[in-house]
Amino acid sequence: MGSSERATFNNKVVSWIDERLPVFTLMQKEYGVFPTPRNFNYFWNFGAIAMFMLIAMIATGIFLAMNYTAHVDMAFDSVERIDRDVNWGWLLRDIHMNGASFFFIAVYIHIFRGLYYGSYKKPREILWILGVVIFLLMMATAFMGYVLPWGQMSYWGATVITNLFSAIPLVGDGIVKWLWGGFAVDNPTLNRFFALHYLLPFVIFAVVFLHVWALHVSGSNNPTGIEPKGKQDTLPFHPYYTMKDTFGLLVYLVIFCAFVFYAPDYLGHPDNYREANALVTPAHIVPEWYFLPFYAMLRAITFDVGIPGTDIVFISAKLGGVIAMFGSIALLFVLPWLDTHPIRSARYRPQFRLFLMIFLAAFVVLGYVGSQPADAALAGVPLQVIGLLGTAYYYAFFLVVLPWLNKTEKGKDVPKSIYDAVMAAEGKKK
Amino acid sequence: MTAGSKSQAGIVTGQVGHSADDGATRRDFLFLTAGSFGAVGAGIAAWPLVHSMNPAKDTLALSTTEVDISKIEKGQSITVMWQGKPVFVRHRTEDEIDQARKVDLSALGDKQEDTARVKKDREAWLVVVGICTHLGCVPVGQKPSESRGDFGGWFCPCHGSHYDTSGRIRKGPAPKNLAVPPYEFLSDTLIKIG
């Protein structure tokens, strides 16, 4: 990034600094005049919104940490104290609590945008993979953060999720004890989760930096999925997209504030306002909403895989569920090599768009299944079956549908350039 | 390597007794050994960090619990803590013992005789770790008001595993029977777990 060509600045102080450390040149190049496709829709706001949420989470988190006590006897009370006694503590906590949800909302929309418009395709594979890494880190961070208030859901969520690792053959039990630092989720576990919950956001920040760096090498994708071919296809990032991002962010924050101020506990679970108790499991353990589809996949596998008619089992139901859950994310990593269709945007791929929409629906249905008790039913159909079907479609979309569409889908005519596409759309309006 | 040290193609003069090929091989060897030692050293240096996360000595020291069982009536069950985990101590009725012993082993997921799960001549006492072998919830069935599942033992409300009166898994996603912790009878009314 130590670029050789520098911009010129009228301000002498700025100029003096820039000669020695060209940060102003860098900002000017990457955020001032940076050529950006002229046809972004509002889907392109969510990267900036996610970035804002990350910073808001780090900012509130640091101040919450100043009043939090990571000890099993005091954690729950220290969080209640933040809510009741610490000046503006309730606000910090409600922003942080709901901020996690709104960070995930932004990121899920951001990921879906990438899927819909083919943003993971050449030359943006690494950009996409870094995004999946951020998503994984976010899940780990959110999970550990949820344990800190030491409520019933905190404790039992931590117990269920750490026990997933016991499914690994041979070393599983050792790994779980290592994760716990004891024989159950207890004080050592709470302490290390706090330490890691404080660390990981900064790791996320570093990966976001790489993500943005990769983005600025390839440039942004856009709704047509065609690369800009010249000046007529782009706009300088500032003021066009700084303004559009700011506007979108403000709309998003209005909704966010509605939750923070009027329904701070709407997205949470009342059981977490009961202190952790190792002797009583809540009747119905559910993770936070943003994990529900993955939780449903974990529970979808209830059968052993082995030789039928014998007791020989290769993959137990428990390990099968764990594989199904982690595999669903592993698939995202290899997506650029599963979907190699030359057309990027779903706009010009009607078949891909149809299957992608079913995929979205399956993901939402999985979320619903994950939110319900294991033995519930919907309209007479056991949710168990629906969960298994949803999981099967999730996998089939990546492993069957995409490779099949690579070979068979012809797609629609793609416009010659972004400029042509924009002008054609303008013409239609008039 | 400077250009002057080369006289003919590929042969280094001035380094007595070694051709250029030899030199490259030796350098490769040195690089590889230095690299491997570095990697092993980094691994050894990382071990204290990794091992610090394993259970500490004071945690390991809390490894036994003594339980007075004189107050537990037939049909009753109590929960005690051992290593931060709940342990169920159940005083079984004759019916419950019969039920547990009648079962055809082939009907079990995790095949184990009831006799292998209790102490000889103390069949009335069943001691199991009260943690579902699926994902670690505490099964219900300790209180009279709670469901004991379809097999009269325990029922895990998280994902619906049913355990019988020997603590064996009979139905649901759990892969194994409730674990029997190491324990011994110190007297007729006192047991030591751990």
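Since this is a predicted model, take the numbers as computed values, not measurements.

**Let's talk about the overall build of chain A**
Move 1: The helix and strand tally for chain A stands at 15 helices and six strands.
Move 2: For 430 residues, the compact-globule estimate of 2.2 N^0.38 gives 22 Å, and chain A sits close to it at 24 Å.
Move 3: Every one of the 430 residues in chain A was classed for burial, and the buried ones make up 50%.
Move 4: Restricting the contact set of chain A to residue pairs at least 6 apart, pairs at least 24 apart contribute 79%.
Move 5: Carbon and sulfur atoms form 69% of the exposed surface of chain A, whose accessible area is close to 21,200 Å².
Move 6: Both charge centroids of chain A, one from 31 positive and one from 28 negative side chains, sit 13 Å from each other.

**Details of the sheet that holds strand β10 (residues 183-185) of chain B**
Residue and element names in this part refer to chain B.
Move 1: An order of β3-β11-β10 is seen for the three strands of this open sheet, with the pairing classed as antiparallel. This sheet does not close on itself; its edge strands, each paired only once, are β3 (65-68) and β10. Ignoring strand direction, the axes of neighbouring strands in this sheet form an average angle of 20°.
Move 2: In the sheet, β3 pairs with strand β11 (residues 190-193) via four bridges, with the strands oriented antiparallel. Note on β11: the bridge partner recorded for E66 is K192.

**As for the pairing of β11 of chain B**
Consecutive side chains along a regular strand alternate between the two faces of the sheet.
Residue and element names in this part refer to chain B.
Move 1: Side-chain alternation along β11 places I191 and I193 on a buried face and L190 and K192 on a face that remains uncovered.
Move 2: Two elements, β10 and β11, share three bridges in a ladder whose sense is antiparallel. Bridging from a neighbouring strand, Y183 pairs with I193 of β11.
Move 3: Joining the antiparallel neighbours β10 and β11 is a turn of four residues.

**Considering the sheet that holds strand β9 (residues 169-171) of chain B**
Residues and elements named next belong to chain B.
Move 1: Strand order across the open sheet formed by three strands is β7-β8-β9, with antiparallel pairing between neighbours. Two strands lie at the open edges of the sheet, namely β7 (152-156) and β9, each paired on one side alone. Taken pair by pair, the neighbouring strands of this sheet meet at an average axis angle of 35°, ignoring direction.
Move 2: Bridge count for β7 against strand β8 (residues 161-164) is four bridges, and the pairing is antiparallel. Of the residues in β8, the one forming a bridge with C156 is S161.

**A short note on the pattern of salt bridges**
Side-chain pairs of opposite charge can arise whenever the charged atoms involved come near each other.
Residue and element names in this part refer to chain A.
Move 1: Enumeration according to the criterion identifies 21 salt bridges over all chains in this entry.
Move 2: Where R6 meets D18, a salt bridge forms, and the shortest distance between an N and an O atom there is 3.1 Å. Remark: D18 occurs in helix α1 (residues 12-20) and R6 occurs in the segment before α1; sequence separation between them is 12 residues.
Move 3: When its relative accessible area of 38% is taken as the criterion, R6 is described as partly exposed.
Move 4: Overlapping salt bridges bring together K121, D339, R349 and E409 as one network.

**Describing helix α4 (residues 75-84) of chain A**
Move 1: Within α4 of chain A, burial applies to A75, F76, S78, V79, E80 and I82 of chain A.
Move 2: Where α4 of chain A is buried, its residues contact α3 (46-65), α5 (89-116) and α9 (187-218) of chain A.

**Some words on unusual backbone geometry**
All names here are of chain A.
Move 1: With omega at 5°, the peptide bond leading from K122 into P123 counts as cis.
Move 2: You can see P123 is positioned in the loop between α5 and α6 (125-147).
Move 3: Here the residue pair H238 and P239 is connected by a cis peptide bond, since its omega of 5° sits within 30 degrees of zero.
Move 4: Within the secondary structure, P239 sits in helix α10 (residues 237-262).

**Some remarks on the interface of chain A and chain B**
Move 1: Taken together, the contact pairs 23 residues of chain A with 25 residues of chain B.
Move 2: Carbon and sulfur atoms make up 67% of the area that chain A and chain B hide from each other, which totals about 2,200 Å².
Move 3: The three residues of chain A that bury the most area against chain B are W178, F183 and K318 of chain A, which together make up 32% of that side's buried surface.
Move 4: Counting across the chain A and chain B interface gives five residue pairs in polar contact (both at pLDDT 80 or more).
Move 5: For the side of chain A that touches chain B, the secondary-structure elements that each account for two or more residues are α7 (152-163), α8 (172-180) and α11 (292-300) of chain A.
Move 6: Considering each element in turn, the side of chain A that touches chain B owes the most residues, four residues, to α7 of chain A.

**Comments concerning the nonpolar core**
Move 1: In terms of nonpolar packing, the biggest core is built from 125 residues, with F135, F294, Y394, F397 and F398 of chain A touching the most fellow members.
Move 2: By residue number, the principal contributor to this core is α6 of chain A, which donates 14 residues.
Move 3: When near neighbours in sequence (up to four residues on either side) are disregarded, Y394 of chain A contacts F294, M297, S328, L331, L332, F359 and F363 of chain A.
Move 4: Counting residues in each nonpolar core, the second largest holds 15 residues, with I69, I72, V129 and I191 of chain B among its members.

**Looking at the environment of L366 of chain A**
Residues and elements named next belong to chain A.
Move 1: As for its position among the elements, L366 is in helix α13 (residues 350-371).
Move 2: Exposure remark for L366: the relative accessible area of 1% places this residue in the buried category.
Move 3: Distance from L366 to T60, taken between C-alpha atoms, is 32 Å for residues 306 residues apart in sequence.
Move 4: The contact partners of L366, leaving out residues within four places of it in the chain, are L292, P293, A296, M297, G387, G390 and T391.

What counts as what
Residues numbered from 1 in each chain as written. Chains lettered and ligands numbered in written order. Predicted model: local features only at pLDDT ≥ 70, side-chain atom pairs only at ≥ 80, totals over all residues. Heavy atoms only, no water. Helix = DSSP H or I, 4+ residues; strand = E, 2+ residues; numbered from the N terminus. Rg over C-alpha atoms; globule rule 2.2 N^0.38 Å. Buried < 20%, exposed > 50% of the residue type's maximum accessible area, 1.4 Å probe, protein only. Contact = heavy atoms within 4.5 Å. Areas by Shrake-Rupley, 256 points an atom, 1.4 Å probe, with all protein chains shown as cover. Lys, Arg positive; Asp, Glu negative; His and termini not counted. Charge placed at Lys NZ, Arg CZ, Asp CG, Glu CD. Pairing = 2+ DSSP bridges. Axes fitted to C-alpha atoms, helices over the stretch in contact; angles between N-to-C directions. Salt bridge = Lys/Arg side-chain N within 4 Å of Asp/Glu carboxyl O. Buried area = accessible area lost by both parts, 1.4 Å probe. Polar contact = N/O pair within 3.5 Å; in protein donor to acceptor, adjacent residues only side chain to side chain. Core = buried A, V, L, I, M, F, W, Y, C linked by side-chain atoms within 4.5 Å.

None of the figures reported here should be taken as evidence of function without further support.
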